[in-house]
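# An overview of the molecular structure
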Amino acid sequence: MNDFFTLRTEGHVAHLQLSRPERMNTMSPAFFPALRDAVRGLQDDAATRVLVVSSTGKHFSAGMALDVFAGNASPDSAPSKERRDPHADAQRQAVGALMQMLDTRSPRARLSFQESLRRLIDCFSALDEARFPVICAVQGGCIGGALDLATACDIRVCSADAFFTVQEIHIGMMADLGVLQRLAKIVPPGVARQMAYTGERVDAKRALETGLVNAVLADADATLAHAMELARQIAAKSPLAVAGSKLALNHARDHGTAASLQQMTLLQSAIFDTSEMAEAIAAWKEKRDGDFAPLTQIARF
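Structural notes, computed from the coordinates. As a convention, each chain's residues are numbered from 1 in the sequence order in which they are written. Local features in a predicted model are, by the rule used here, given only for residues with pLDDT of at least 70; side-chain atom pairs are given and counted only at 80 or more, and totals for whole chains, interfaces and linings are based on all residues. Note that the side-chain values use all heavy atoms of the structure and ignore hydrogens as well as water.

Okay, helix α9 (residues 220–235) next. Comment: elements are numbered from the N terminus, with helices defined as DSSP H or I runs of at least four residues and strands as E runs of at least two. Take the number of residues in a helix, subtract one, and multiply by 1.5 Å to get its expected span. The terminal C-alpha atoms of α9, which comprises 16 residues, lie 22 Å apart, in line with the 22 Å expected from a rise of 1.5 Å per residue. Exposure is judged per residue with a 1.4 Å probe applied to protein chains only, and the accessible area is read against the type maximum: over 50% gives exposed, under 20% gives buried, and values in between give partly exposed. Of the residues making up α9, those classed as buried are T223, A227, M228, A231, I234 and A235. What you see down the axis of α9 is that its buried residues fit within an arc of 130 degrees, all on one side. Contacts are assigned to residue pairs that have any heavy atoms within 4.5 Å of one another. Looking at the packing, one finds that the buried side of α9 touches β2 (13–18), β3 (50–54), β4 (134–138), β6 (155–159), β9 (215–217) and α10 (239–254). Think of a polar contact as two N or O atoms within 3.5 Å of one another; within protein, one of them needs to be a possible hydrogen donor and the other a possible acceptor, and neighboring residues in sequence only count if both atoms come from side chains. One side-chain oxygen at the N-terminal end of α9 lies 3.3 Å from the backbone nitrogen of D221; it belongs to D219. Each C-beta atom gives one direction from the helix axis, and the arc is the one those directions make.

What follows is the structure in structure tokens.
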């Protein structure tokens, strides 16, 4: 349970839905570890084959709450006699930790800042590193940190009213949670640079033209329906083959061709399974979903 999103599973498809439309689904500090733990929990359990990330309200998310950058505690985390529960306490602690992280007044503080930022980045990297594909369904604004989240997903689809912006440049900072590293490997580098330098809004039509999204749908409901149908199609495939494909694609994205081909020989030798292939071929011929065993659960230490 948390204040930021709901998480439900239907069959082999998990659905994480941002649930603070009254705050434009802004990301308070406690959001990040909650997201990380939810995604890694799904991975450890091994039943999930696809994750869909969507949102509620007019906008997907307005990114990090600006009062955090201004050096103020989030209104959500302000102490209150009426609100003394574990979720509120955890959020206050997260705000305090972020305030400590933003202190760069000394070499020691800056060294600590680097490690803290690595851990914050890791919260979105959980999406990129998950063994299952992640589909992001965007409506309205996908702003600032929300674009960091979206670019950490495998596939993005959006509604006709969606727009995407690297908002951080408008408040005097560079985006630092992964969008600058991932965006230029999704869209043409020149487009990524223009977005990063200007903070311009990229509308749904332009997002489709540049490859930032795979499809544009009429509205939020149609976008979510499309994402869920795509998720069901993927979930019907061998989870072993899908997980291996994601590992190979991510490695190829981050390495040269020769190194990626070498990795492919090791990866394929590790997961090649003729019984899995036999079931996949039978399911394909019989026009049905395959009956595949789940991946093995990951031991928790």
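Next, the rest of the story.
Glancing now at the pairing of strand β1 (residues 5–10). Bridge analysis of β1 against β2 gives 6 bridges, and the strand direction is antiparallel. Along β2, the bridge assignment pairs R8 with H15. Two strands are said to pair when DSSP picks up at least two bridges between them. Between the end of β1 and the start of β2, which pair antiparallel, lie 2 residues, with G11 showing a positive phi angle near 65 degrees.

Turning our attention to the nonpolar core. Here, the term nonpolar core denotes a set of buried Ala, Val, Leu, Ile, Met, Phe, Trp, Tyr and Cys residues that are joined through side-chain atoms within 4.5 Å. Formed by 53 residues in total, the largest nonpolar core has its most connected members in F31, L51, L149 and F164. Every element with two or more residues in this core is listed here: β2, α1 (31–45), β3, α4 (107–129), β4, α5 (145–151), α7 (189–198) and α8 (204–210). Among the elements that make up this core, the one with the highest residue count is α1 (7 residues). Of all hydrophobic cores here, the second largest spans 15 residues; its members include V50, I135, A215 and A235.

So, on to the packing of α1 against α4. Relative to each other, α1 and α4 sit at 30 degrees, their axes nearing to 8 Å. Compared by their axis directions, α1 and α4 come out roughly parallel. Considering how the two elements wind past one another, α1 and α4 form a crossing that is left-handed. Mapping the contact onto sequence places F31, F32, P33, L35, R36, V39, R40 and Q43 in α1 and L120, D122, C123, F124, S125, A126, L127 and E129 in α4. Any residue that is not Ala, Val, Leu, Ile, Met, Phe, Trp, Tyr, Cys, Pro, Asp, Glu, Lys or Arg is counted as polar, Gly included; the first ten are nonpolar and the last four charged. For the contact of α1 with α4, the class distribution of residues is 10 nonpolar, 2 polar and 4 charged. Every angle, taken between N-to-C directions, lies between 0 and 180 degrees, and every axis is a line fitted to C-alpha atoms, over only the stretch in contact when it is a helix. Orientation is classified from the angle alone, with under 35 degrees giving roughly parallel, over 145 giving roughly antiparallel, 65 to 115 giving roughly perpendicular, and any other angle giving oblique. By the definition used in this description, the sense in which the near helix is turned from the far one sets the handedness, with an anticlockwise turn below a right angle giving left-handed and a clockwise turn giving right-handed.

In this scheme Phe, Tyr and Trp rings, the latter by its six-membered ring, pair at centre separations within 6.5 Å, and the angle between planes marks the pair as stacked below 30 degrees, edge-to-face above 60, and tilted otherwise. Scanning all chains against the criterion turns up 4 aromatic pairs. Seen in terms of ring centroids, F5 and F31 are 6.2 Å apart; in terms of plane orientation they differ by 85 degrees. Their pairing is edge-to-face. Linking F5 in strand β1 with F31 in helix α1, this pair joins segments that are 26 residues apart in sequence. Classification of F5 as buried rests on a relative accessible area of 6%. Residue F31 is classed as buried on the basis of its relative accessible area of 3%. The interplanar angle of 80 degrees and the centroid separation of 5.5 Å between the aromatic rings of F31 and F32 together place this pair among those described as edge-to-face. Judged by its relative accessible area of 1%, F32 is buried. Ring-over charges, as used throughout, are those where CZ of Arg or NZ of Lys falls within 6 Å of the ring centre and within 35 degrees of the ring normal. The lysine or arginine in question, R201, covers the ring of F163, its NZ or CZ lying 4.0 Å from the ring centre.

Attention shifts here to the side chain of D128. Of note, D128 is situated in helix α4. A distance of 3.4 Å separates polar atoms of two side chains, one belonging to D128 and the other to R182. Among residues more than four places away in sequence, those in contact with D128 are A152, R182, K246, N250 and R253.

This part covers the environment of L102. Mapped onto the secondary structure, L102 falls in the loop between α3 (86–101) and α4. In this structure L102 comes out as partly exposed when scored by relative accessible area, which is 36%. In this structure, the C-alpha to C-alpha distance between L102 and F113, residues 11 residues apart in sequence, is 6.7 Å.

This paragraph deals with the pairing of β4. Of all 5 residues in β4, 5 are buried, a share of seventy percent or more. In β4, alternate side chains face the same way, and those of V134, C136 and V138 on one face and I135 and A137 on the other are all buried. Bridge analysis of β3 against β4 gives 3 bridges, and the strand direction is parallel. Bridge pairing in β4 places V53 opposite C136. The pairing of β4 with β6 spans 4 bridges and is classified as parallel. Within β6, the residue paired with A137 across the bridge is V157.

It is the contact of α10 with helix α11 (residues 257–271), at a shortest axis distance of 10 Å, that shows an interaxial angle of 165 degrees. As judged from the angle between their axes, α10 and α11 are roughly antiparallel. Of the two possible hands of crossing, α10 and α11 adopt the one that is right-handed. Touching L240, G244, L247, A248, H251 and A252 of α10 are A259, S260, Q263, M264, L267 and I271, all from α11. The residue inventory of the contact of α10 with α11, partitioned by class, reads 8 nonpolar, 4 polar and no charged.

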